[in-house]
Amino acid sequence: MSLFTGFMRYSVLATDYDGTLATDNHVNENTLAALSRLRNSGYKLILVTGRQLDELLQVFGHIDLFDYVVAENGALLYSPATRREKLLGSQPSAEFIKALRDRQVNSLSVGRVIVATWHPQETIVLETIRQMGLELQVILNKGAVMVLPSGINKATGLGAALDEMQLSPENVVGIGDAENDHDFLNICGYSVAVANALAMLKERVDFVTNGSRGDGVIELIEKLITSDLAEFGH
């Protein structure tokens, strides 16, 4: 049970992976222990990441701590308990992927929905989308170039997870560090950036942690368990 005995406004923590939970692919033991404490206190946990699911499962062996995973920057919903995947968009055509390869787009990876590469390939990607007249968007994130169907982002993916859980974004505390986190943090009842977050994100959230990455997540979790953020008037 939570140490906080008043009415709990928040019941979900939604967190980004790289640069927030994880440092260089790895989540440390203290951060894992804090996530476990939060879950045991009654909170639900949602992981919201730009990563492809197979890649995430390879680097993160504690996926079962989470009730849902929003992968591929909002394009794929995964339930660790049931191992069920739900696609939230359709993969771009084989013709588009072939066109990118023909144009020598390097380090191209293709997920269930997402197509991804790295800066500075976004120029060729955008030209290809325009020339083919496709309804695709390019999302930039710390050097990553992510191609998704129009309208899909971390916020729509989080919304799909919350629909499954029959919960409102107002029940969610979100935490992240980068450009692509702004969408989902913007719909959360309370938004947090870790200390290492981009300046533009820090300016737009309700609270910035003193700690970086996992230490910042631990700091937030302790506040949730002890007071449900009551000290911030939320």
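First, a word on what this report is: a plain description of the structure on this page. (Residues numbered from 1 in each chain as written. Predicted model: local features only at pLDDT ≥ 70, side-chain atom pairs only at ≥ 80, totals over all residues. Heavy atoms only, no water.)

Quick look at helix H1 (residues 29–40) now. The terminal C-alpha atoms of H1 lie 16 Å apart, and with twelve residues this matches the ideal 16 Å at 1.5 Å per residue to within 8%. Turning to H1, its buried residues are Thr31, Leu32, Ala34, Leu35 and Leu38. Seen from one end, H1 has its buried residues packed into an arc of 160°, which puts them on one side. Within H1, the exposed residues directed more than 90 degrees away from the buried face are Glu29, Asn30 and Asn40. Check the buried side of H1 and you find it contacts strand E1 (12–15), strand E2 (44–48) and helix H8 (213–227). A distance of 3.1 Å separates the backbone nitrogen of Asn30 from a side-chain oxygen at the start of H1, and that oxygen is part of Asn28. Count one or two residues on from H1 and you reach Gly42, which has phi positive near 115°. (Helix = DSSP H or I, 4+ residues; strand = E, 2+ residues; numbered from the N terminus. Expected span 1.5 Å × (residues − 1). Buried < 20%, exposed > 50% of the residue type's maximum accessible area, 1.4 Å probe, protein only. Arc of directions from axis to C-beta. Contact = heavy atoms within 4.5 Å. Polar contact = N/O pair within 3.5 Å; in protein donor to acceptor, adjacent residues only side chain to side chain.)

Bringing the nonpolar core into the picture now. If you look at the biggest cluster of nonpolar residues, it comprises 57 residues, and the most contacted ones within it are Leu13, Ile46, Leu47, Phe60 and Val173. What Leu47 contacts, discounting residues up to four positions off in sequence, is Thr15, Asp16, Tyr17, Leu21, Leu56, Phe60, Ile63, Phe66, Tyr68, Val69 and Val70. If you look at the next biggest cluster of nonpolar residues, it comprises ten residues, including Leu108, Val125, Ile129 and Val147. (Core = buried A, V, L, I, M, F, W, Y, C linked by side-chain atoms within 4.5 Å.)

On the secondary structure map, Asn196 appears in the loop between strand E11 (190–193) and helix H7 (199–202). Placed 185 residues apart in sequence, Asn196 and Ser11 show a C-alpha to C-alpha distance of 25 Å. Residues in contact with Asn196, not counting those within four places in the same chain, are Gly19, Asp177, Ser212 and Arg213. From its side chain, Asn196 meets the backbone oxygen of Gly19 in a polar contact 2.9 Å long. Among the polar contacts made by the side chain of Asn196, one reaches the main-chain amide nitrogen of Arg213 at a distance of 2.7 Å.

Strand order across the open sheet formed by eight strands is E5-E4-E3-E2-E1-E10-E11-E12, with mixed pairing between neighbours. Pairing within the sheet leaves two strands with one partner each, and these edge strands are strand E5 (84–87) and strand E12 (207–208). Relative to E2, E1 runs parallel, the two sharing four bridges. Note that in E2 the partner of Thr15 across the bridge is Leu47. (Pairing = 2+ DSSP bridges.)

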